[in-house]
Structure formats: structure tokens, C-alpha cells
Amino acid sequence: MNASLRIARLAAQDLALSARWDAFVQAHPQATFFHRSGWLRVIEKSFGHRGFFLYAERDGAIEGVLPLVEVKSRLFGHSVSSLPFAVYGGVVAHSDEAAAALEAEAESLARGQGADHLEYRNLGATRHADWPRQDLYVTFRKEILPDEEANMLAIPRKARAMVRKGIKNALTADVDAGVDRFFDLYADNVHRHGTPAMPKKYFQALLDEFGADAEVLTVSGPDGRPLSSVLSFYFRDEVLPYYAGDDEAARDLAANDFKYWELLRRACARGLKVFDYGRSKQGTGSYAFKKNWGFEPQPLSYEYRLFKRDAVPQNNPNNPKYQLMIKAWRKLPIGVANWLGPFIVKNLG
């Protein structure tokens, strides 16, 4: 007779169980970097949000995981989601039984916490056809070819010309041990776009938690001035450039294109198979940039179980009600914006 399935919760300090959780994630074909247990420690440490990392276990073996985090905000509402600050999430399990049990526990938990809604950020197919969805986002994923020159030639002509321009401008790329140069470029970049920056301690926490699987690559000009930087994640045979920032001079010097080429080139040399260019909102500049690199958009259908709201939340810069705040944010001194930003962005998720 089969043993019964047990749903339990991972504690951030339980490193032995975290290792078992991560072994399951590493082996499951539908799991992503954002299913790793380290996100529980990073998010609780950096933002103070409460994590509910659920797992299904039978006979001492993990059969499924569902990382959840609760975000309470007077401005943006009360949510439980998998996973805030991530582009992918939702349940991964070996069986429909384990997946259903985890999702039933998640719904019970979200209701018990008094959340307005429960959100799953699925990379794959939608699991609940009757739930409201948000189709604002797409992701861009493409095969890395085994030969460096083949990868160069696979870049469409205009983007390839920008990469060659960056090479001609004698740009260089280096892996940084810390986040100082990255943060300065990132914070200035998001400030110009009128959005608050994540706290610097969050980026350092990512490097500390994920070790060699989180990396900062910074591009400099011939004079040594930092121009463009990206914080990337590595998972199995994939590289995921996730957070990035550029100096205003980067465009004229083609530093942004050079940065992603250098990341792609290095990933090819490591034998990686997938370049995950990440999530973008449809109709934005980043969407067009990735399309120009020859990547095809893959729709992301985020699904919502609504408890105390009538519609899917629209906590993104495309919402017209935030336009005044975005314009005002651009006018703040960068020091003030970097101080105030973490208090706002922690509630966006």
C-alpha cells in the first residue's frame, strides 16, 4: 500500500532540506532557477516578506515543490505569489496528485492569510483554464549554437553590426566580484526610466546565496569607464541575464549589444545550450531590442485566483495611474531615489 502524501513547509535555516529541495529542482524538467530554495532566504533577508515554500513528500522523497511569498502593501494590495521578483514560478511536481495537493494547500494558505489574490507565474502551459490571466508579458529563449562564429552569424544583420561596432570601439568585459559597478549603472538606468531601484543589498544577497550561479559582467570603455553591466543567473545548461544597467554613453558606443554578445560568447565556451533573454512587456523598447536580436517572443500567461478583488492587478508602469509618479520620480536627485526606492519596490514584487 502506498504511503500517503504529506505537504510540509521549508524553513529558511534548514540547509539539509534545502539541499534535497534543490536536488529535486535540478532534476525536474519543468523547474526553473526561480524554484531554487535560496529565494526563500534572499527574499526574507532583503525585503522582510514571509515565505511559504511548500513541498510534497512521500516515503521521505520530495514529489513536488511550490515556492510562495506573501507581500502586504497598502499601495499595491495583499498577495501570495509564486514568485515575486521572479519571472517564472508555479508548481512543479512528479504527479498530478502532488501538484493538486500543493495548489490546494496554497489556496488554503492564501485565504487564511487574508490575501487579495493568489498568483502563479507559469513558464509552461496554464494549469487553470477558468482562472483570470494576464498576458502582458512574453519571454525570449533561444538555443546557443556550439560554435562561436555560428552564434555571431545567427544574430540579425543590424544587431550584429552593433556588436561589431562595440568590438571596434575596444570595449572590454570583466566578471566583477561584487555589485558596486553594476548597481551604479542599474540605479541610474532605472531612475532615467522613472522607476525605483531595488536595494543594493538585494543584489549582493543574490551573489552571496547563489555563488557561482549568479554573476556580474561589466563592460568598460578603453578608458576603463564602466558603461554597461548585467547580473545573470546560471541554471543547468542555461544562462539568464536578469538585471541590467547602462550608462547614457552606452548606446553610442554599442556597449549594450557588446555586453550581451560577450555573455553569449562566454556561455558558448562553457557549453551551455539556452540563452534566456528574460521577460519583457509587449510593445516596449526591451521587447523590440530582443526581437532585433532574432529571439521570438513566447507568451507568459500568469494566472490568478481572485479572493478580494474583481480584476487582475495592474501593478506595472503601463498602468496610466502611475504615469504622474513616473514623471515625478525622474526629477528626484539620484541619491534620494536610491534611498526611497527600496521602500516602494519591495511591495511591487
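Because the structure is a prediction, the values reported are computed rather than measured.

Conventions and cut-offs
Residues numbered from 1 in each chain as written. Predicted model: local features only at pLDDT ≥ 70, side-chain atom pairs only at ≥ 80, totals over all residues. Heavy atoms only, no water. Core = buried A, V, L, I, M, F, W, Y, C linked by side-chain atoms within 4.5 Å. Buried < 20%, exposed > 50% of the residue type's maximum accessible area, 1.4 Å probe, protein only. Helix = DSSP H or I, 4+ residues; strand = E, 2+ residues; numbered from the N terminus. Contact = heavy atoms within 4.5 Å. UniProt positions renumbered as here; feature names shortened; annotations may be inferred. Axes fitted to C-alpha atoms, helices over the stretch in contact; angles between N-to-C directions. Parallel < 35°, antiparallel > 145°, perpendicular 65-115°, else oblique. Left-handed = near helix turned anticlockwise from the far one by under 90°. Nonpolar A, V, L, I, M, F, W, Y, C, P; charged D, E, K, R; others polar. Polar contact = N/O pair within 3.5 Å; in protein donor to acceptor, adjacent residues only side chain to side chain. Salt bridge = Lys/Arg side-chain N within 4 Å of Asp/Glu carboxyl O. Expected span 1.5 Å × (residues − 1). Arc of directions from axis to C-beta. Pairing = 2+ DSSP bridges. Phe/Tyr/Trp six-rings, centres within 6.5 Å; stacked < 30°, edge-to-face > 60°.

Caption draft 1: Summary view of the nonpolar core. Residues F34, W39, Y202, F203, L206, F233 and Y243 are the most contacted members of the largest nonpolar core, which totals 57 residues. When residues of this core are assigned to their parent elements, the largest contribution, six residues, is made by helix α7 (residues 200-210). Apart from residues no more than four positions distant in its own chain, F34 is found in contact with W39, P67, L83, A86, V87, Y88, F233, L240 and Y242. With 29 residues, the next largest nonpolar core counts I155, A159, V230 and L272 among its residues.

Caption draft 2: Broad picture of unusual backbone geometry. Between S82 and the following residue, L83, the backbone shows a cis peptide bond with an omega angle of 15°. By the secondary structure assignment, L83 is in the loop between β4 (77-82) and β5 (92-93). Its identity as a non-glycine residue notwithstanding, F85 has a phi of 65°, on the positive side. Assignment of secondary structure puts F85 in the loop between β4 and β5. Even without glycine at this site, A170 takes up a positive phi of about 60°. Exposure remark for A170: the relative accessible area of 41% places this residue in the partly exposed category.

Caption draft 3: The arrangement of the UniProt feature "domain: BioF2-like acetyltransferase" (unreviewed entry) in the chain in detail. The feature "domain: BioF2-like acetyltransferase" (unreviewed entry), as given by UniProt, occupies residues 157-291 in the numbering adopted here. The distance separating the terminal C-alpha atoms of residues 157-291 is 12 Å; by composition the span is 46% helix and 29% strand.

Caption draft 4: Spatial organisation of the packing of helix α2 (residues 38-47) against α7. Across the interface, α2 lies against α7 with an axial gap of 10 Å and an inter-helix angle of 155°. Comparing the axis directions of α2 and α7 gives the class roughly antiparallel. The two elements α2 and α7 cross, and the hand of that crossing is right-handed. Side by side, α2 and α7 meet where G38, W39, R41, V42, K45, S46 and F47 of the first sit next to K201, Y202, A205, L206, E209 and F210 of the second. For the contact of α2 with α7, the class distribution of residues is seven nonpolar, two polar and four charged.

Caption draft 5: Structural view of the side chain of D176. Inspection of the secondary structure assignment puts D176 in strand β8 (residues 172-176). Overall, the relative accessible area of 14% leaves D176 in the buried class. At 2.8 Å, the side chain of D176 and the side chain of R181 are in polar contact. At 2.8 Å, the side chain of D176 and the side chain of T218 are in polar contact.

Caption draft 6: A look at the pattern of salt bridges. Applying the stated criterion across every chain yields a total of 21 salt bridges. Residue R121 pairs with E119 through a salt bridge whose shortest N-O separation is 3.0 Å. Here R121 and E119 have matching classes, each one buried. Among the ionic pairs, D276 bridges to R141, the shortest N-O distance being 2.9 Å. Of this pair, D276 sits in strand β12 (residues 274-281) while R141 sits in strand β7 (residues 133-143), and the two are 135 residues apart along the sequence.

Caption draft 7: Quick look at the environment of Y186. Within the secondary structure, Y186 sits in helix α6 (residues 180-192). Owing to a relative accessible area of 6%, Y186 belongs among the buried residues under this scheme. In this structure the C-alpha to C-alpha distance between Y186 and P199, which are 13 residues apart in sequence, comes to 11 Å. Sequence-distant contacts of Y186, that is, excluding residues within four places in its chain, are made with P196, A197, M198, F203, A244 and G245. Within the structure, the side chain of Y186 is placed 2.8 Å from the backbone nitrogen of M198, a separation counted as a polar contact.

Caption draft 8: Summary view of helix α12 (residues 334-345). For α12, built from twelve residues, the straight-helix expectation of 16 Å at 1.5 Å per residue is met to within 8% by its first-to-last C-alpha distance of 15 Å. Every buried residue of α12 is accounted for by A337, G341, P342, I344 and V345. One face of α12 carries all of its buried residues, which in axial projection span an arc of 160°.

Caption draft 9: Geometry of the pairing of strand β3 (residues 61-73). Here β3 lies mainly inside the structure; eleven of its 13 residues are buried. The pairing of strand β2 (residues 50-58) with β3 spans nine bridges and is classified as antiparallel. In the strand pairing of β3, F53 is matched with P67. Counted between consecutive antiparallel strands, the loop separating β2 from β3 contains two residues, among which D59 sits at a positive phi close to 55°.

Caption draft 10: Focus on the packing of aromatic side chains. As enumerated under the stated definition, the model contains 38 aromatic pairs in all. Look at F34 and F233: their rings are 6.1 Å apart centre to centre, the planes differ by 85°, and that puts the pair in the edge-to-face class. Of this pair, F34 sits in the loop between α1 (15-27) and α2 while F233 sits in strand β10 (residues 226-235), and the two are 199 residues apart along the sequence. Classification of F233 by relative accessible area gives buried; the value is 0%.

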